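The residues making up each chain are set out below.
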Amino acid sequence: MKHRIVSLVLARLAIALVTAIIVSFAVFFATAMLPGDTATILLGQAATPEAVEGLRKAMHLDDPAIFRFLRWLAGVVHGDLGVSYANNMPVAKLISGRLVNTLKLAGLTAVISVPLALTLGITAAMLRNTLYDRCLTIAIIGVVSVPEFMIATLAVLLFAVYLNWLPAVSFTSEIRTVYDFARAYAMPVVTLTVVISAQMIRMSRAAVVETLNTPYVEMALLKGASRGRLVFHHALPNALGPIVNAVALSLSYLLGGVIIVETVFNYPGIAKLMVDAVSTRDLPLIQSCAIIFCFGYLFLTTTADIIAILSNPRLR
Amino acid sequence: MTSLVEIRELRVEATTDSGRTIAIIKGVDLDIAEGEIVALIGESGSGKTTIAMTLMGYARAGCRIVGGTVAVDGVDMVALSEKDRAAVRGAKIAYVPQSAAAAFNPAIRIMDQVIEVVRIHGVMPLEEARAKAVALFRALSLPNPEMIGDRYPHQVSGGQLQRLAAAMALIANPKLLIFDEPTTALDVTTQVEVLRAFKSVISAHRIAGIYVSHDLAVVAQIADRIVVLRNGEVQESGATRDILARAQHPYTQQLLAAVTPHHAPRPAVSGPTAAEALLEVHEVSVGYGPLRSDGQPAIVAVENVSLRVARGRNLGIIGESGCGKSTLARAIAGILPPFAGGVVFDGRELGRSARSRSADQLRQLQIVFQHADTALNPAQTVEDILGRPLTFYHGMARKPRSARIDQLLDMVKLPRSLRLRRPAELSGGQKQRVNFARALAADPKLIVCDEITSALDTVVAAAIIDLLKELQRELDLAYVFISHDLSVVEAICDDIVVMYRGRKIEQITPEAMARPEHPYTQLLLSSVPKLDPTWLDNLRQDPEQVRAYCQR
């Protein structure tokens, strides 16, 4: 039994590795297909053809794509993400600070939104078809239907412009006290929490409702179990797989999908860095950002799958 | 003797999906004395489980107790608060579910679920409960009673789970047990063992109980009294022997008639057609999964089975779940191509897969599946369902097709007014008739019937069997009739093949069913419950045989 679960987990990890290689391949060639020639862009329109030609050679832009890909992949494995075309700084250095910022925002949002969403989702399932459940469902559908830039803008209007409680942008560089920290992060975190919680609430509610309708929960009810015992002891362990998956999907959004929130609050995160990189045709930077997003996503979904495997006694 | 349970004027209503309210229990009175087992008998939808559930003050989602009293030990369960009901459930009144496989939580070890009642109600120390559980496991003749509690539900068999569910119900010494069709999902050989175990613990603990079932023969073994229900009303009630011997109500008589097989030996067909084989299956082997290097699939479900069906005759295939009988049916129909052996139909070798057979070969050999619910497209009307084979096999134009659909409906005795209905608007028996009419639409010579009566109530199933016989006389059909229900097969078949673990072990005639030769057939046939209430007590089975052939 034991070695079976180990092999299942190893198989899952192997799939993740293969996916990672395919994804890096796709990322590399997708960015390589972007229109515009890097050398021309870097040198400006006034550059002589000889200068452009020389630069192309120096940057190995004329090599076959597969060699460039392998060279780049080898670099990534060694932690060398290349040098930014735009300002000649190592990509790793450019990214590291921004990545920390994004992870800070994502971590804070996760810490708040996951417990909040699960509590709401599970209570809604326990009290299904009551006024509470219906109001929550309507509110969630409302939130899902409103685009996040709208939520972010409304938050700015309300808290920064009318109430004057919070600054309109996040000055992360000026944080000295806990109060500063709270002021800087309040609005982005609240906006993101609203955006990613909706999905988690819906999914956890659905998963728990489904298990509450099974014969074994009815059996437990007929054994005299309390409502709390039914949900936490009988339903939740069996609903864990789908819930963890929903959480992983929602959290993955915090890595790459936050560009709008970062832009509205002028938060120096990695998504904003990537968009800036696109406008300067800074291929190494774009590739590195994309690969980080993909790996983050892969990490989360793989973790969710492994938790689902471990929580299933049929596989244990 | 005072009654432990007094149900008076019980009424339960259900709300349908469309919001309509319908009465499902219409004023039922019922008494259970201390230590008495009362059986509730009736077809599906008669309200037997609903009544049993009200003893715990419980109605399933969408149902509501709207009137009457359910007094258990002097306390009206209907009037109690949810919290007070919870205090009674499991402790004083316990429930043995229909499908233990579904009623055990897959994520929790068996022992923890068995003693959960004790944990909830705190009636004894947990260590004592564990010791008592092991004693119950032993009393219910479960294998390895010390260790079985450490397993997860998926690691034990269905028959074992059913007995574990009984242990779970008995752990807190309840006064009243509710058995909800506890052996319906089991094979007959397993059922014998489970019924015996139930009976011994019931008499040992002098427990009163309500036994919900549709099977009169099973109930006859275990119940003191029988209550016959139909459409939420009591039709008849009385002591078990009286009901079995002198049923007054026509519906009870109908139920009794449906249990007793009515095999009328058909005169052997004389003339040249008698010996002529319509279907011959030569040493067919079928399996699932990828082929291994030796050309065999990973799982072999049917091994080296040969059959012969004469023109206009019927062959029955019996065996317990997992013996490969349905797989064999699928192989004959070409849905699951065999990896070895061949099928000869009407003197010509058929392709192994349906794809390689001609349209005319497909037309002459039809298959009817067990679950009409899933076999009929829910989005199509009866007319569309029957019209499709008419167009496909016969290329009929609209007018003759329409006339033929009317004829087909007449043949299966469905009113023509059902033409425009969809499957969801038909009853279970009606759906199975449409399912069968679709096969008839092809004008086949042979119909493979895969458990077509198993999902139906006994009375409805008996009517389908009569219909099949009648159509056979009129249309010169041959059937391959697959079932785990021996009385059904006995009623319709000329020859019976017994399968066990993918092999054909014996072929007998219904007349010879009283004295089969193979030990497994003996065991199988002797395990079929009889209406005689002393059947189980007098049943002697060779323990060697039981050990050899049952995976209990």
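Chain A is annotated in an unreviewed UniProt entry as ABC transporter permease of Bradyrhizobium denitrificans. Its UniProt record, at the heading Subcellular location (unreviewed entry), says of chain A: "Cell membrane".

Draft legend 1. Spatial organisation of the overall build of chain A. The secondary structure content of chain A amounts to 13 helices and zero strands. In chain A, the succession of α and β elements from N to C terminus is α-α-α-α-α-α-α-α-α-α-α-α-α. For chain A, the spread of C-alpha atoms along the principal axes amounts to about 85 × 60 × 35 Å. Residues counted as buried form 42% of the 316 residues belonging to chain A. Of all intrachain contacts in chain A linking residues separated by at least 6 positions in sequence, the fraction that spans at least 24 positions is 70%. With an accessible surface of roughly 16,100 Å², chain A has 71% of that area assigned to carbon and sulfur atoms. Positive and negative charge centroids in chain A, built from 23 and 16 side chains respectively, lie 14 Å apart.

Draft legend 2. View of the UniProt feature "transmembrane region" (unreviewed entry) in chain A. Residue and element names in this part refer to chain A. Taking the UniProt record as the reference, the feature "transmembrane region" (unreviewed entry) is found at residues 12-34, 105-127, 139-162, 182-201, 243-265 and 285-310. For residues 105-127, the helix share is 96%, the strand share is 0%, and the end-to-end C-alpha distance is 32 Å. Secondary structure across residues 285-310 comprises 100% helix and 0% strand; the distance between its end C-alpha atoms is 37 Å.

Draft legend 3. Representation of the layout of surface pockets. Looking at the second largest pocket, its volume works out to about 1,000 Å³. Around the second largest pocket, the lining comprises 33 residues; the ones closest to its centre are Arg 128, Leu 221, Arg 227 and Leu 230 of chain A together with Tyr 58 of chain B. Listed by contribution, the elements that provide at least two residues to the lining of the second largest pocket are α8 (178-212), α9 (215-222) and α10 (227-256) of chain A together with β4 (63-72) and α2 (82-88) of chain B.

Draft legend 4. Looking closely at the side chain of Ser 483 of chain B. Residue and element names in this part refer to chain B. Mapped onto the elements of the fold, Ser 483 is located in strand β18 (residues 478-483). By relative accessible area, which is 1% here, Ser 483 ends up buried. A polar atom in the side chain of Ser 483 sits 2.8 Å from the backbone nitrogen of Asp 485. The contact partners of Ser 483, leaving out residues within four places of it in the chain, are Ile 317, Ile 318, Gly 319, Lys 325, Glu 451 and Val 489.

Draft legend 5. Representation of the nonpolar core within the structure. Core analysis: the largest hydrophobic core is formed by 177 residues, its most contacted members being Val 208 of chain A together with Ile 51, Leu 55, Phe 137, Leu 164, Ile 171 and Leu 176 of chain B. Residue contributions to this core peak at 13 residues, all from α8 of chain A. Ignoring any residue separated from it by four or fewer positions in sequence, one finds Leu 176 of chain B in contact with Leu 4, Val 5, Ile 32, Leu 55, Val 72, Lys 92, Ile 93, Ala 94, Ile 207, Ala 208 and Gly 209 of chain B. Counting 54 residues, the second largest nonpolar core, distinct from the first, contains Leu 426, Val 434, Ala 461 and Leu 525 of chain B.

Draft legend 6. Molecular detail of the interface of chain A and chain B. Contacts between the two partners involve 18 residues from chain A, matched on the other side by 26 residues from chain B. When the two sides are added together, the surface that chain A and chain B hide from each other amounts to roughly 2,100 Å², 59% of it contributed by carbon and sulfur. Its largest share of buried area at the contact with chain B, chain A owes to Met 219, Leu 222 and Lys 223 of chain A, together 34% of the area lost on that side. For the pair chain A and chain B, the interface holds eleven residue pairs in polar contact (both at pLDDT 80 or more). For the side of chain A that touches chain B, the elements supplying multiple residues, two or more each, are α9 and α10 of chain A. Here the element with the most residues in the side of chain A that touches chain B is α9 of chain A; it accounts for six residues. Of the residues that constitute the side of chain A that touches chain B, the class distribution is nine nonpolar, four polar and five charged.

Draft legend 7. Highlighting the sheet that holds strand β10 (residues 233-239) of chain B. Residue and element names in this part refer to chain B. With mixed pairing, six strands are arranged side by side in an open sheet as β6-β7-β8-β3-β9-β10. The strands lining the two open edges of the sheet, one partner per strand, are β6 (93-96) and β10. Strand-to-strand, the axes of this sheet are offset by a mean angle of 15°, without reference to chain direction. Sheet topology note: the strand β3 (residues 37-41)/strand β9 (residues 225-230) ladder contains four bridges and is parallel. Across the sheet, the residue bridging to Ala 39 is Ile 226, located in β9.

Draft legend 8. Fine view of the side chain of Thr 302 of chain A. All names here are of chain A. Counting through the fold element by element, Thr 302 comes out in helix α13 (residues 283-310). Judged by relative accessible area, Thr 302 falls into the buried class, the value being 7%. In terms of polar contacts, Thr 302 uses its side chain to reach the backbone carbonyl oxygen of Leu 298, at 2.6 Å. Leaving out residues up to four positions away in the same chain, Thr 302 has contacts with Arg 12, Leu 13 and Ala 16.

Draft legend 9. Summary view of the packing of helix α6 (residues 126-139) of chain B against helix α7 (residues 158-170) of chain B. Residues and elements named next belong to chain B. Packing of α6 against α7 brings their axes to within 10 Å, and their N-to-C directions diverge by 135°. The angle between the axes of α6 and α7 places the two elements in the oblique class. Crossing geometry of α6 relative to α7 is assigned as right-handed. Contact residues: α6 offers Lys 132, Leu 136 and Phe 137, while α7 offers Leu 164, Ala 167 and Leu 170.

Draft legend 10. Structural detail: the pairing of β18 of chain B. Residues and elements named next belong to chain B. For β18, the tally of buried residues reaches six of six residues, placing the bulk of the element in the interior. Side chains Ala 478, Val 480 and Ile 482 of β18 all project onto a buried face; the interleaved residues Tyr 479, Phe 481 and Ser 483 project onto the opposite face, where all are buried too. Pairing of strand β13 (residues 314-318) with β18, which is carried by five bridges, proceeds in the parallel orientation. Looking at the pairing, Ile 318 lines up with Ser 483 of β18. Pairing geometry for strand β17 (residues 446-450) and β18, over five bridges, is parallel. Along β18, the bridge assignment pairs Leu 446 with Ala 478. The parallel pair β17 and β18, bridged by helix α18 (residues 458-475), forms a crossover whose chirality is right-handed.

Reading the values: the criteria
Residues numbered from 1 in each chain as written. Chains lettered and ligands numbered in written order. Predicted model: local features only at pLDDT ≥ 70, side-chain atom pairs only at ≥ 80, totals over all residues. Heavy atoms only, no water. UniProt positions renumbered as here; feature names shortened; annotations may be inferred. Helix = DSSP H or I, 4+ residues; strand = E, 2+ residues; numbered from the N terminus. Buried < 20%, exposed > 50% of the residue type's maximum accessible area, 1.4 Å probe, protein only. Contact = heavy atoms within 4.5 Å. Areas by Shrake-Rupley, 256 points an atom, 1.4 Å probe, with all protein chains shown as cover. Lys, Arg positive; Asp, Glu negative; His and termini not counted. Charge placed at Lys NZ, Arg CZ, Asp CG, Glu CD. 1 Å grid on protein atoms, 1.4 Å probe; cavity = no way out; pocket = protein on both sides within 12 Å on 5 of 7 lines; lining within 4 Å. Points joined across faces, edges and corners; volume = space filled by probe spheres on them. Polar contact = N/O pair within 3.5 Å; in protein donor to acceptor, adjacent residues only side chain to side chain. Core = buried A, V, L, I, M, F, W, Y, C linked by side-chain atoms within 4.5 Å. Buried area = accessible area lost by both parts, 1.4 Å probe. Nonpolar A, V, L, I, M, F, W, Y, C, P; charged D, E, K, R; others polar. Pairing = 2+ DSSP bridges. Axes fitted to C-alpha atoms, helices over the stretch in contact; angles between N-to-C directions. Parallel < 35°, antiparallel > 145°, perpendicular 65-115°, else oblique. Left-handed = near helix turned anticlockwise from the far one by under 90°. Right-handed = clockwise from strand over helix to strand, strands pointing away.

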